[in-house]
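Now for the letters of each chain:
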Amino acid sequence: MAPVTMPPVEEAREIFRGLGYSVEADGGDLRAERKWRTVHVTALDADEASSPRNLRADGGRTEYRLRCFVTWMTAAGDLRDRLSRLDPEYEWAIIGVEDDDYEVVDSVVA
């Protein structure tokens with residue numbers, strides 16, 4: 001497993017590819033596309049997950065109504081709590097990664 005101080009970018013890429021999405025880099029994040037669906041994927045290290053920046057706004061990018069945050073399992077609960085308090089206007093999910101496995105920790109449909 002990579003250190004929790006590094007965001008799980010490659011893990012996020014492999015998860016979405018395994019789900020049948022085409023995945024491309026989009027700035028510091030990923031864009032996963034499948035059929036009609038485009039998901040803005042943001043990988044966060046443990047520190048970013050417990051104190052994430054700019055989760056409420058989409059950076060002015062209204063084309064992304066679906067967001068997925070991928071972080072280490074140890075930080076997924078903190079991220080879920082922060083997103084729940086912010087109550088963003090987009091649909092979101094959190095995937096927690098641990099070793100070679102992952103779990104959808106939470107998701108909210110706006």
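Coordinates for the structure precede this section.
Residues numbered from 1 in each chain as written. Predicted model: local features only at pLDDT ≥ 70, side-chain atom pairs only at ≥ 80, totals over all residues. Heavy atoms only, no water.

(A) Geometry of the side chain of His 40. Checked against the element boundaries, His 40 lands in strand E3 (residues 37-44). Residue His 40 is classed as buried on the basis of its relative accessible area of 4%. Polar side-chain contacts of His 40 include one of 2.7 Å to the side chain of Asp 29. (Helix = DSSP H or I, 4+ residues; strand = E, 2+ residues; numbered from the N terminus. Buried < 20%, exposed > 50% of the residue type's maximum accessible area, 1.4 Å probe, protein only. Polar contact = N/O pair within 3.5 Å; in protein donor to acceptor, adjacent residues only side chain to side chain.)

(B) Region of interest: the sheet that holds strand E5 (residues 91-98). The sheet built from six strands is open, its strands ordered E1-E2-E3-E4-E5-E6 with mixed pairing. This sheet does not close on itself; its edge strands, each paired only once, are strand E1 (22-26) and strand E6 (101-108). Neighbouring strand axes in the sheet, compared pairwise and without regard to direction, differ in orientation by 25° on average. For strand E2 (residues 29-34) and E3, the ladder comprises five bridges, and the chain directions are antiparallel. The residue of E3 that forms the bridge with Arg 34 is Arg 37. (Pairing = 2+ DSSP bridges. Axes fitted to C-alpha atoms, helices over the stretch in contact; angles between N-to-C directions.)

(C) Representation of a negative patch on the surface. On the surface, Glu 98, Asp 99, Asp 100, Asp 101 and Glu 103 cluster together into a patch of negative charge. On the secondary structure map, Glu 98 appears in strand E5. Residue classification places Glu 98 among the partly exposed residues on the basis of a relative accessible area of 42%. (Patch = residues over 30% accessible without salt bridge, like charges linked within 9 Å, V, L, I, M, F, W, Y side chains within 5 Å. Areas by Shrake-Rupley, 256 points an atom, 1.4 Å probe, with all protein chains shown as cover. Salt bridge = Lys/Arg side-chain N within 4 Å of Asp/Glu carboxyl O. Lys, Arg positive; Asp, Glu negative; His and termini not counted. Charge placed at Lys NZ, Arg CZ, Asp CG, Glu CD.)

(D) The arrangement of the pairing of strand E4 (residues 66-72) in detail. Taken across its seven residues, E4 has seven buried, putting it largely inside the fold. Relative to E4, E3 runs parallel, the two being bridged by five bridges. Bridging across to E4, His 40 finds its partner in Arg 67. Across seven bridges, the pairing between E4 and E5 is parallel. Its bridge partner being in E5, Thr 71 is matched across the sheet by Gly 96. Chirality of the crossover, the property in question, places the unit of E4, helix H3 (residues 73-86) and E5 among those that are right-handed. (Right-handed = clockwise from strand over helix to strand, strands pointing away.)

(E) Expanded view of the environment of Thr 42. As for its placement among the helices and strands, Thr 42 is situated in strand E3. On the basis of relative accessibility, which here comes to 8%, the residue Thr 42 falls in the buried class. Along the sequence, Thr 42 and Asp 26 sit 16 residues apart, while their C-alpha atoms lie 9.7 Å from each other. If near-sequence neighbours (up to four positions away) are discounted, Thr 42 is found in contact with Asp 29, Arg 67, Cys 68, Phe 69 and Val 70. (Contact = heavy atoms within 4.5 Å.)

(F) Highlighting the packing of aromatic side chains. Summed over all chains, the structure comprises one aromatic pair. Where Phe 16 meets Tyr 21, the ring centres are 5.3 Å apart and the plane angle is 75°; that geometry is what we call edge-to-face. When the ring centre of Tyr 21 is taken as origin, the NZ or CZ atom of Arg 34, which lies over that ring, is 5.9 Å away. (Phe/Tyr/Trp six-rings, centres within 6.5 Å; stacked < 30°, edge-to-face > 60°. Lys NZ or Arg CZ within 6 Å of the ring centre and 35° of its normal.)

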